[in-house]
Amino acid sequence: MISDITIGQYYKGDSVVHRLDARMKIILTVMFIVMIFLCKNFLSLGFMFLFIMMAVFASRVPLKMFLKSLKPIIPIVIFTSIINIFYISGGQVLLQWRFITITEKGIYTAVFMAMRILCLIVSSSILTYTTVPTMLTDAIERLLSPLKIFHIQVHTLAMMMTLALRFIPTLIEEIERITNAQKARGADFESGKFIERIKALMPILIPLFVSAFRRAYELAFAMSCRCYTGGEGRTRMKQMKLSFRDFVALLIFALGVAGVILLNIRFGALI
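A brief report on the enclosed structure follows. (Residues numbered from 1 in each chain as written. Predicted model: local features only at pLDDT ≥ 70, side-chain atom pairs only at ≥ 80, totals over all residues. Heavy atoms only, no water.)

1. Considering the overall build of the protein
Consideration 1: What the protein contains, in helices and strands, is 11 helices and two strands.
Consideration 2: Along the first, second and third principal axes, the C-alpha set of the protein runs to 70 × 60 × 40 Å.
Consideration 3: Counting over 271 residues, the protein shows a buried share of 35%.
Consideration 4: A separation of at least 24 residues holds for 75% of the contacts in the protein among residues at least 6 apart in sequence.
Consideration 5: Of the roughly 17,200 Å² of accessible surface on the protein, a fraction of 69% belongs to carbon and sulfur atoms.
Consideration 6: One way to put it: in the protein the 30 positive side-chain charges average out to a point 4 Å from where the 15 negative ones average out. (Helix = DSSP H or I, 4+ residues; strand = E, 2+ residues; numbered from the N terminus. Buried < 20%, exposed > 50% of the residue type's maximum accessible area, 1.4 Å probe, protein only. Contact = heavy atoms within 4.5 Å. Areas by Shrake-Rupley, 256 points an atom, 1.4 Å probe, with all protein chains shown as cover. Lys, Arg positive; Asp, Glu negative; His and termini not counted. Charge placed at Lys NZ, Arg CZ, Asp CG, Glu CD.)

Written out as structure tokens, the structure reads:
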């Protein structure tokens, strides 16, 4: 399960989505997320899902990469669906047994929320799969630059966010390495009661924290040796420029937003 987490990974490619400006991709991703939450019925959500699938195929990232990123989220989706099925009431009663009542609205809500979560994960994965971490840092810094008037260290904030995203795969590999080492020494993480399993994780957590702090110290020392002083006066090898394809992508998404609004107005809330 740990090896299936692909958050923060970059898939090298030369697709249209890869060549989009990183700032535009961040803006479109945020707008995607907002529009997913504004969907009121299955038609509008399905319409946004089609747009997301178009972006997936345009990115030329293998579909198995997206499926792999969805795998760790499945337990959360199942748990959320179960909560909605048993706690949302309304519509025709499909099953009633003692204190358990399953209604038509509960089923609709469970399916709708599951689709919404999956769309959120896929849309955010497109951003990380198709954007180099350095470009992501520069894009976040550019987009947050208005905050400088409030004396906020925008470059430091962007660097922290990108480093955290970048080191997720590294920490996942470290967890696998420590787990395999502990299993080779006879550690058992799968049997016993819940409390016993929690206690069995201590031989993993302690070395993981030590390794994480060591990596953080080595990274800070390396940046210091290279005379890194932050964003003040810093130049960039690659300058970010909006091109024609970025405005075309924005126009296509604007059409999608118009479609969602029309579907919401025409059919209303179905859940």
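From this point, things continue past the structure.
2. What about the side chain of S123?
Consideration 1: Take S123: it is sitting in helix α6 (residues 104-130).
Consideration 2: Excluding its chain neighbours within four sequence positions, the residues that come into contact with S123 are T29, F32, I33, I36 and I52.

3. A word on helix α10 (residues 202-225)
Consideration 1: Taking 1.5 Å of rise per residue, the 24 residues of α10 would be expected to cover 34 Å, and the 35 Å separating its terminal C-alpha atoms lies within 8% of that figure.
Consideration 2: Backbone geometry just after α10 places C227 at a positive phi near 60°. (Expected span 1.5 Å × (residues − 1).)

4. With respect to the packing of helix α3 (residues 42-59) against helix α11 (residues 244-267)
Consideration 1: Two elements in contact, α3 and α11, have axes whose closest approach is 8 Å; the angle formed by their N-to-C orientations is 165°. Taken together, the axes of α3 and α11 are roughly antiparallel relative to one another. For the crossing formed where α3 meets α11, the hand is right-handed. When α3 is examined against α11, the residues L43, S44, F47, M48 and F51 are found in contact with a partner set consisting of I252, F253, G256, G259, V260, L263, N264 and F267. (Axes fitted to C-alpha atoms, helices over the stretch in contact; angles between N-to-C directions. Parallel < 35°, antiparallel > 145°, perpendicular 65-115°, else oblique. Left-handed = near helix turned anticlockwise from the far one by under 90°.)

5. Looking at the environment of K241
Consideration 1: Relative to the assigned elements, K241 resides in the loop between α10 and α11.
Consideration 2: For the pair K241 and A22, spaced 219 residues apart in sequence, the C-alpha to C-alpha distance is 9.5 Å.
Consideration 3: With near-sequence residues (within four places) excluded, K241 lies in contact with D21, R23 and D246.

6. Some remarks on the side chain of T179
Consideration 1: Among the secondary structure elements, T179 is positioned in helix α8 (residues 154-184).
Consideration 2: Only 2.7 Å separates the side chain of T179 from the backbone oxygen of I175, close enough to count as a polar contact. (Polar contact = N/O pair within 3.5 Å; in protein donor to acceptor, adjacent residues only side chain to side chain.)

7. Observations regarding a nonpolar patch on the surface
Consideration 1: There is a patch of nonpolar side chains on the surface, built from I74, I78, F79, I82, I83, F86, Y87 and L118 and spanning about 780 Å² of accessible area.
Consideration 2: Residue contributions to the nonpolar patch peak at seven residues, all from helix α5 (residues 74-87).
Consideration 3: One can find F86 in helix α5.
Consideration 4: Judged by relative accessible area, F86 falls into the partly exposed class, the value being 39%. (Patch = residues over 30% accessible without salt bridge, like charges linked within 9 Å, V, L, I, M, F, W, Y side chains within 5 Å. Salt bridge = Lys/Arg side-chain N within 4 Å of Asp/Glu carboxyl O.)

8. Things to note about the environment of D14
Consideration 1: Checked against the element boundaries, D14 lands in the segment before α1 (16-19).
Consideration 2: Owing to a relative accessible area of 56%, D14 belongs among the exposed residues under this scheme.
Consideration 3: As for D14 and R60, which are separated by 46 residues in sequence, their C-alpha atoms are 8.4 Å apart.

9. What about the pattern of salt bridges?
Consideration 1: By the definition in use, this model includes four salt bridges.
Consideration 2: Here E174 and R177 are joined by a salt bridge, their closest N and O atoms 2.4 Å apart. Note that E174 and R177 are positioned in helix α8 at a spacing of three residues, about one turn of the helix.
Consideration 3: Linking R215 and E174 is a salt bridge whose minimum nitrogen-to-oxygen distance equals 3.1 Å. With R215 in helix α10 and E174 in helix α8, the pair connects residues that are 41 residues apart, well separated along the chain.
Consideration 4: Given the relative accessible area of 29%, R215 is considered partly exposed.
Consideration 5: Linked through salt bridges whose partners overlap, the residues forming this network are E174, R177 and R215.

10. A look at the nonpolar core
Consideration 1: By size, the foremost hydrophobic cluster in this structure holds 28 residues, and its most contacted members are M48, I52, F66, I126 and F253.
Consideration 2: Counting residues per element, the ones that place at least two in this core are α2 (22-38), α3, α4 (63-70), α6 and α11.
Consideration 3: The contact partners of I52, leaving out residues within four places of it in the chain, are F32, I36, C119, V122, S123 and I126.
Consideration 4: Among the nonpolar cores identified, the runner-up in size contains eight residues, and A22, L136, I140 and A158 belong to it. (Core = buried A, V, L, I, M, F, W, Y, C linked by side-chain atoms within 4.5 Å.)

11. Looking at unusual backbone geometry
Consideration 1: The phi dihedral of R60 falls on the positive side, at around 60°, and the residue is not glycine.
Consideration 2: Within the fold, R60 resides in the loop between α3 and α4.

All quantities given are derived from atomic positions and should not be read as evidence of function.
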